[in-house]
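Take a look at the letters that make up each chain.
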Amino acid sequence: MSAVTVLNNQATAATDAEPALTDGFQLVIDALKLNGIENLYVVPGIPISDLLRMAQGEGLRVISFRHEQNAGNAAAIAGFLTKKPGVCMTVSAPGFLNGLTALANATTNCFPMILISGSSEREIVDLQQGDYEEMDQLAIAKPLCKAAFRVLHAQDIGIAVARAIRAAVSGRPGGVYLDLPAKLFSQVMDAAEGARSLVKVVDAAPAQLPSPDSVARAWSRWSTPPRRSCPRRTRWRARWRC
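What comes next is a walk through the structure. (Residues numbered from 1 in each chain as written. Predicted model: local features only at pLDDT ≥ 70, side-chain atom pairs only at ≥ 80, totals over all residues. Heavy atoms only, no water.)

With that settled, consider the overall build of the chain. Each helix and strand counted, the chain has 11 helices and eight strands in total. Burial analysis of the chain (242 residues in total) assigns 40% to the buried set. Counted over contacts in the chain with a minimum sequence separation of 6, partners at least 24 positions apart contribute 75%. Carbon and sulfur atoms form 55% of the exposed surface of the chain, whose accessible area is close to 14,500 Å². (Helix = DSSP H or I, 4+ residues; strand = E, 2+ residues; numbered from the N terminus. Buried < 20%, exposed > 50% of the residue type's maximum accessible area, 1.4 Å probe, protein only. Contact = heavy atoms within 4.5 Å. Areas by Shrake-Rupley, 256 points an atom, 1.4 Å probe, with all protein chains shown as cover.)

Below, the discussion takes up the packing of helix α2 (residues 24-34) against helix α8 (residues 157-169). Contact pair α2 / α8: the axes reach a minimum separation of 9 Å and the direction vectors enclose 35°. In this structure, α2 crosses over α8, and the sense of that crossing is right-handed. Along the contact surface, α2 presents Gly 24, Leu 27, Val 28, Ala 31 and Leu 32, while α8 presents Ile 157, Gly 158 and Val 161. Considering only residue class, the contact of α2 with α8 consists of six nonpolar, two polar and no charged. (Axes fitted to C-alpha atoms, helices over the stretch in contact; angles between N-to-C directions. Left-handed = near helix turned anticlockwise from the far one by under 90°. Nonpolar A, V, L, I, M, F, W, Y, C, P; charged D, E, K, R; others polar.)

Right, let's get into the sheet that holds strand β4 (residues 86-90). One open sheet holds the six strands; their spatial order is β3-β2-β4-β5-β7-β6, and the pairing between them is parallel. Each having just a single partner strand, β3 (61-64) and β6 (147-150) make up the two edges of the open sheet. Ignoring which end each strand starts from, the neighbouring axes of this sheet average 20° apart. Bridge analysis of strand β5 (residues 113-119) against strand β7 (residues 175-181) gives seven bridges, and the strand direction is parallel. For Gly 118, the partnering residue across the bridge sits in β7 and is Leu 180. The sheet contacts of helix α4 (residues 68-82) involve β2 (39-42), β4 and β5, and relative to β4 the element is tilted by about 165°. Packing against the sheet, helix α5 (residues 94-108) makes contact with β4, β5 and β7, and its axis sits at approximately 160° to β5. (Pairing = 2+ DSSP bridges.)

Attention shifts here to unusual backbone geometry. Here the amide bond leading from Ile 46 into Pro 47 is cis, since omega sits at 10°, within 30 degrees of zero. With respect to the element layout, Pro 47 can be found in the loop between β2 and α3 (49-57). The phi angle at Gln 128 is positive, at roughly 50°, despite the residue not being glycine. With respect to the helices and strands, Gln 128 occurs in the loop between α6 (122-126) and α7 (137-141). Overall, Gln 128 belongs to the exposed group, its relative accessible area being 66%. Even without a glycine there, the phi angle at Asp 203 is positive, about 55°. Within the secondary structure, Asp 203 is located in the loop between α10 (191-197) and α11 (212-223). Given the relative accessible area of 52%, Asp 203 is considered exposed.

With that settled, the discussion passes to α5. Taking 1.5 Å as the rise per residue, α5 with 15 residues should run 21 Å; its terminal C-alpha atoms sit 22 Å apart, in good agreement. The principal kink in α5, of about 30°, is found at Leu 100. Of all the positions in α5, only Gly 95, Phe 96, Gly 99, Leu 100, Ala 102, Leu 103, Ala 106 and Thr 107 are classed as buried. Check the buried side of α5 and you find it contacts α4, β4, β5, α7 and β7. Just past α5, the residue Cys 110 takes up positive phi, approximately 65°. (Expected span 1.5 Å × (residues − 1). Bend = angle between axes of the 7 residues up to and from the residue.)

To continue, consider the pairing of β5. Along β5, seven of the seven residues are buried, which leaves the element largely enclosed by surrounding structure. Pairing of β4 with β5 involves five bridges; the strand directions are parallel. Looking at β5, one finds that Thr 90 is bridged to Ser 117. Remark: the β4/α5/β5 crossover connection has right-handed handedness. (Right-handed = clockwise from strand over helix to strand, strands pointing away.)

Here is the structure:
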């Protein structure tokens, strides 16, 4: 056996021994699919263009709009009709601000919706060093929605998506903001660990039975006939009795 053949065999064995890897792009898609999200309402752009292209390849339906407010309103209406969160995706800064109106509207009207926006690097934004489209989007979104989360590490994507879904549909439904910095998508981790980090939301909005006292009170009001108001006496019907 020649030395070249031995080296090739060693290289092949080393390649076979390397663990499978995944990245932030794939984990976001897997987390959405695991929780039954089928449609994305978007305005494509950096840093989510590659994410949307991969999502289409994975079978998700990507519906593009020309303005983020329209995309957000469509996601909110879809959430209202299907009883599971409609997901809107936008780019950072201007795209995020355009989608914010729909997020606030969804929160006011109790429509389950999730706004996912890319954002600039946290280290530069927090020190105000002048990053591209520098904006503290999480702080801006918090007063206008039911909950807001930021994900900094790929292993936290699964729990962040699950918390956003549960917050959007549980209790009083509303809008939730999910902030995904651009550097998150390129983070790489072991595929098996990534799969274990995903979380499936189970019974996010459990049905609650009314208390027996509430049922009895409602029944008593329904079963008792309403009292008729006594009409005004007139000279023609002076002896009317109620």
